[in-house]
Amino acid sequence: MNHPSPTISVRICHDEPLLAAGLLALIASASGVEAGVLHDHGDGTPDVIVADAVNALALLEAGAETTRGSRVIVIARQARQGEMLQVLESGARGCLLQSSDAHELIDAIRHVARGGSRYLCRAASALLASGPPPAKLTAREREVLRLVVQGDGNKGIARQLEISTHTVKAHVATLCTKFQAMSRTQVAIEATGRGLVHPF
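All values derive from a computational prediction rather than experimental measurement.

Peer 1: Explain helix α8 (residues 154–161) here, please?
Peer 2: Since one α-helical turn is 3.6 residues long, residues separated by three or four positions face the same way. Every buried residue of α8 is listed here: Asn154, Gly156, Ile157, Ala158 and Leu161. Following α8 by one or two positions, Glu162 adopts a phi angle in the positive range, close to 60 degrees.

Written as structure tokens, this is what we have:
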């Protein structure tokens, strides 16, 4: 006797209302899938969360307390290698681009809901295979980098992160080494181009 496959529960977490509405309608139209907006329902843990990169990182960095075992799929705004690697290294189970087609998204949801390996859309796979990965940064280096990109000086960075200017200088020197850059300006340009810094 064949038993029907269990319904996959999906929740959307996206900052752009029109895109969120489109994703909700698209996913809800797929057979065997039940969709809603994250935190709109008190109905337990969804199987899959579909989010933009910024929200996905926030959820993943908050850990199990937030995602509670849900598998996170990221819809990246742009084809940036650094952004994709960052969300995947943080624990995302899938990554697609906003230019991906509907079939890829539904395939990704079903794939990760079954516990499959990480799902990358065709464009993401090609991008990640196209060149060497960006420099791996520690959490503190990412904080310093974000402030460098914003144009903050060493004293301002030290004040915001509550560390010494000497420590900031050491982090900036390390960033220059990792990016093979001659200056903090070049570091900022390289980091932005590689998608390592998100526009908040």
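Peer 1: What should I look at first to understand helix α5 (residues 102–113) in this one?
Peer 2: Across its 12 residues, α5 extends 17 Å between first and last C-alpha, which sits within 8% of the 16 Å expected from 1.5 Å per residue. Looking only at α5, the buried set comprises Glu104, Leu105, Ile106, Ala108, Ile109 and Val112. One side-chain oxygen at the N-terminal end of α5 lies 3.1 Å from the backbone nitrogen of His103; it belongs to Asp101. Looking one or two places after α5, you find Gly115, whose phi comes out positive at around 85 degrees.

Peer 1: Got a minute to help me understand the nonpolar core in this structure?
Peer 2: Nonpolar side chains in soluble globular proteins generally cluster together in the buried interior. Counting residues in hydrophobic clusters, the biggest one holds 40 residues, and the most contacted among them are Val10, Ile27, Val48, Val50, Ile73, Leu96 and Ile109. Aside from chain neighbours lying at most four places away, what touches Leu96 is Ile73, Val74, Ile75, Ala76, Glu104, Leu105, Ala108, Tyr119 and Cys121. Among the nonpolar cores identified, the runner-up in size contains 20 residues, and Leu161, Val187, Ala188 and Ala191 belong to it.

Peer 1: Just to check I follow, could you spell out the side chain of Asn55 for this structure?
Peer 2: Mapping Asn55 onto the fold places it in helix α2 (residues 53–62). A polar contact is formed between the side chain of Asn55 and the side chain of Asp15, at a distance of 3.1 Å. A polar atom in the side chain of Asn55 sits 2.7 Å from the side chain of Asp52. Setting aside its immediate chain neighbours within four residues, Asn55 contacts Cys13, His14 and Asp15.

Reading the values: rules and limits
Per-chain numbering applies: the sequence of each chain, read as written, is numbered from 1 onward. Local features in this predicted model are restricted to residues whose pLDDT is 70 or higher, and side-chain atom pairs enter the listing and the counts only when it is 80 or higher, whereas totals over whole chains, interfaces and linings include all residues. Remark: hydrogens and water are excluded; side-chain values derive from all non-hydrogen atoms of the structure. When a residue's accessible area, from a 1.4 Å probe over protein chains only, is under 20% of the maximum for its type it is buried; when over 50% it is exposed; and in between it is partly exposed. Helical segments are the DSSP runs of H or I of at least four residues, strand segments are the runs of E of at least two, and each set is numbered from the N terminus. What a helix is expected to span follows from its residue count: subtract one and scale by 1.5 Å. In protein, a polar contact requires one atom able to donate a hydrogen and another able to accept it; more generally it is a pair of N or O atoms within 3.5 Å, and residues adjacent in sequence count only if both atoms are side-chain atoms. Buried residues of nine kinds, namely Ala, Val, Leu, Ile, Met, Phe, Trp, Tyr and Cys, make up a nonpolar core once their side-chain atoms join them within 4.5 Å. Contacts are residue-level and defined by heavy atoms, with any inter-residue pair within 4.5 Å sufficient.

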